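The lines below spell out each chain.
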Amino acid sequence: MNYIAAIDAFEQLHAPEQTHGVMLNGKTTLDNMNRQRLLIQSLLLAPPTQQSDVRLQQLQQIEADSWLKKISNCGQKQLCIRLPDSSIEAFLPGTPAELEQLSTYMSCPDAWLQEHVHAVRKSNPDLGCYLIISNDILFGTILRGLFSAAQKCGVEKMSILLPFVNRCREVQQQNMFVAQCAVDYDITCDVGVEIATPRSIRFASELAVHADVIVFNVDELCWLLYGKAPEQTSSHHHEYGFHETPFNEFDDIGIGTLLGVAVQQIRQNKPGIRLCASGKYVLTEKGKNFCRELGIHSLIAATHLFPADSQ
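Residues numbered from 1 in each chain as written. Predicted model: local features only at pLDDT ≥ 70, side-chain atom pairs only at ≥ 80, totals over all residues. Heavy atoms only, no water.

Caption draft 1: Structural context of the pattern of salt bridges. Scanning all chains against the criterion turns up seven salt bridges. Between Lys286 and Asp252 there is a salt bridge, with the nearest N and O atoms lying 3.4 Å from each other. Taken together, the residues Lys286 in helix H11 (residues 285-294) and Asp252 in the loop between helix H9 (218-225) and helix H10 (254-269) connect sequence positions 34 residues apart. (Salt bridge = Lys/Arg side-chain N within 4 Å of Asp/Glu carboxyl O. Helix = DSSP H or I, 4+ residues; strand = E, 2+ residues; numbered from the N terminus.)

Caption draft 2: Region of the structure containing the pairing of strand S5 (residues 188-195). One ladder, built from six bridges, connects strand S4 (residues 157-162) with S5; its direction is parallel. Within the sheet, the bridge partner assigned to Ser159 lies in S5 and is Asp190. In this region the chain leaves S4, passes through helix H6 (residues 168-184) and returns to the parallel neighbour S5; the handedness of that crossover is right-handed. The sheet contact formed by S5 and strand S6 (residues 213-217) spans four bridges and is parallel. (Pairing = 2+ DSSP bridges. Right-handed = clockwise from strand over helix to strand, strands pointing away.)

Caption draft 3: Representation of the nonpolar core. Of all hydrophobic cores here, the largest spans 80 residues; its most connected members are Ile81, Leu83, Phe147, Met158, Ile214, Phe216 and Val218. The element contributing the most residues to this core is helix H5 (residues 136-152), with seven residues. Each residue touching Ile214, except ones within four places of it in the same chain, is listed here: Val193, Ile195, Ala208, Ile266, Ile273, Arg274, Leu275 and Cys276. (Core = buried A, V, L, I, M, F, W, Y, C linked by side-chain atoms within 4.5 Å. Buried < 20%, exposed > 50% of the residue type's maximum accessible area, 1.4 Å probe, protein only. Contact = heavy atoms within 4.5 Å.)

Caption draft 4: Region of the structure containing the packing of aromatic side chains. Counting across every chain of the model gives two aromatic pairs. Seen in terms of ring centroids, Phe139 and Phe177 are 5.6 Å apart; in terms of plane orientation they differ by 70°. Their pairing is edge-to-face. Note that Phe139 is positioned in helix H5 and Phe177 in helix H6, a separation of 38 residues in sequence. With relative accessibility at 1%, the residue Phe139 sits in the buried group. For Phe177, a relative accessible area of 22% gives the class partly exposed. For the pair Phe147 and Tyr185, a centre-to-centre distance of 6.0 Å together with 35° between the ring planes defines the contact as tilted. Note that Phe147 is positioned in helix H5 and Tyr185 in the loop between H6 and S5, a separation of 38 residues in sequence. Look at Tyr185 and you get buried, because its relative accessible area is 16%. (Phe/Tyr/Trp six-rings, centres within 6.5 Å; stacked < 30°, edge-to-face > 60°.)

Caption draft 5: Quick look at the side chain of Glu194. Relative to the helices and strands, Glu194 is located in strand S5. A polar contact is formed between the side chain of Glu194 and the side chain of Asn217, at a distance of 3.3 Å. The contacts of Glu194, once residues within four sequence positions are left out, are Arg82, Leu161, Leu162, Pro163, Phe164, Val165, Val215 and Asn217. (Polar contact = N/O pair within 3.5 Å; in protein donor to acceptor, adjacent residues only side chain to side chain.)

Caption draft 6: Representation of H6. In a regular helix each residue adds 1.5 Å, so 17 residues correspond to 24 Å; H6 covers 24 Å between its end C-alpha atoms and thus fits that length. For H6, the complete set of buried residues consists of Cys168, Glu170, Val171, Gln174, Val178, Cys181 and Ala182. All buried residues of H6 lie within an arc of 150° about the axis, which places them on one face of the element. Across H6 from its buried face, at more than 90 degrees, point the exposed residues Arg169, Met176, Val183 and Asp184. Where H6 is buried, its residues meet H5, S4, S5 and helix H8 (204-209). (Expected span 1.5 Å × (residues − 1). Arc of directions from axis to C-beta.)

Caption draft 7: Molecular detail of the pairing of S4. Summarising burial for S4: five of the six residues are buried, a large majority. Looking at chain direction, strand S3 (residues 78-82) and S4 are connected through four bridges and run parallel. When the sheet's bridge partners are listed, Ile81 is paired in S4 with Ile160.

Caption draft 8: Representation of empty space enclosed by the protein within the structure. The full count for this structure, using the stated rule, is two cavities of 30 Å³ or more. Lining the second largest cavity are 13 residues, and of these Leu131, Phe164, Val165, Asn166 and Glu170 sit closest to its centre. For the lining of the second largest cavity, the element with the most residues is H6, which contributes three residues. Here the residues of the lining of the second largest cavity are counted per class, giving eight nonpolar, three polar and two charged. (1 Å grid on protein atoms, 1.4 Å probe; cavity = no way out; pocket = protein on both sides within 12 Å on 5 of 7 lines; lining within 4 Å. Points joined across faces, edges and corners; volume = space filled by probe spheres on them. Nonpolar A, V, L, I, M, F, W, Y, C, P; charged D, E, K, R; others polar.)

Caption draft 9: The arrangement of the confidence of the model for the protein in detail. For the protein, the mean per-residue pLDDT works out to 78, and 76% of the residues sit at or above 70. Confidence drops under a pLDDT of 50 for residues 1-20, and excluding neighbours within four residues, the segment shows 58 contacts in the predicted structure. Of the regions scoring below 50 in pLDDT, residues 233-239 engages in nine contacts with residues more than four places distant in sequence or in other chains. (pLDDT = per-residue confidence, 0-100.)

Caption draft 10: Summary view of the side chain of Ser278. Along the chain, Ser278 falls in strand S7 (residues 274-278). Residue classification places Ser278 among the buried residues on the basis of a relative accessible area of 11%. Ignoring sequence-local partners within four residues, the contact set of Ser278 consists of Val215, Phe216, Asn217, Val218, Asp219 and Ile300.

Caption draft 11: Quick peek at helix H2 (residues 54-71). The end-to-end C-alpha distance of H2 is 26 Å, a good match for the 26 Å that 18 residues give at a rise of 1.5 Å each. Residues of H2 that are buried include every one of Arg55, Leu56, Leu59, Ile62, Glu63, Ala64, Ser66, Trp67, Lys70 and Ile71, and no others.

Here it is in structure tokens:
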């Protein structure tokens with residue numbers, strides 16, 4: 001993950017040969033979205049009892065086909081995959097039309113579906129932050145689809161980035177899944193952990209134990225720290241007590257303090273781990289200088305990655 005171009009839109013992988021590598025975000029392509037969504041919904045509401053469940057096989061094939069389109073030209077590139085960051089809530093049926101469609105697909109009454117949707121929400125009260133990859137069954141299926149596609153494309157080495165990490169136990173479990181897939185598909189793979197919430201700063205050193213790379217998502221950290229969505233940050237900052245808005249320039253006081261605490265903890269626990277920071281704020285001159293002084297190795301933007309010591 002030293003020199004990576006992060007591409008947000010898979011269809012815009014123009015001239016990847018001009019970069020040292022490619023980073024892909026695990027968003028779902030539209031052509032498979034409906035079928036994939038129905039499969040995930042059915043697996044969430046009626047979990048499989050065995051690995052041979054035909055729904056898991058179907059979902060894995062959809063994932064493999066989808067990833068195959070995204071990485072087909074990346075076999076000789078340094079490849080980093082940022083796994084999907086959708087919450088479980090995003091996949092649960094929420095409208096009468098969705099319930100009706102799922103009812104037909106699963107051949108079960110609406111009342112049964114509504115009861116089980118309620119049960120899933122009740123058992124996972126923090127669905128807004130609870131990632132789809134935190135579900136072991138779904139995570140394993142998505143991962144095998146990815147590795148299957150990578151193997152077909154001749155990928156011998158790649159990096160996996162776990163997004164929006166908030167639980168050490170899940171990172172440890174996910175790392176084990178990745179390691180097993182790497183063995184099964186004969187692909188060398190390292191694991192990056194994305195720190196994107198102020199909460200995860202508290203146990204950054206513990207997360208580092210299970211990672212080869214730590215990536216600080218500075219944009220998300222800033223938005224969550226100040227409780228503002230991206231579309232709310234362009235104006236009216238004086239209403240929130242800011243003389244200089246932290247949403248147009250790197251915030252060395254709030255975000256800088258968080259990063260400083262996290263880096264200190266991580267260095268004490270795992271001195272040699274590689275550190276990266278991503279987002280538009282770290283690419284300002286102020287952000288670059290701060291990250292360089294803090295010892296962050298690389299800066300990832302929307303379309304490019306720069307080593308922190310670059311001019």
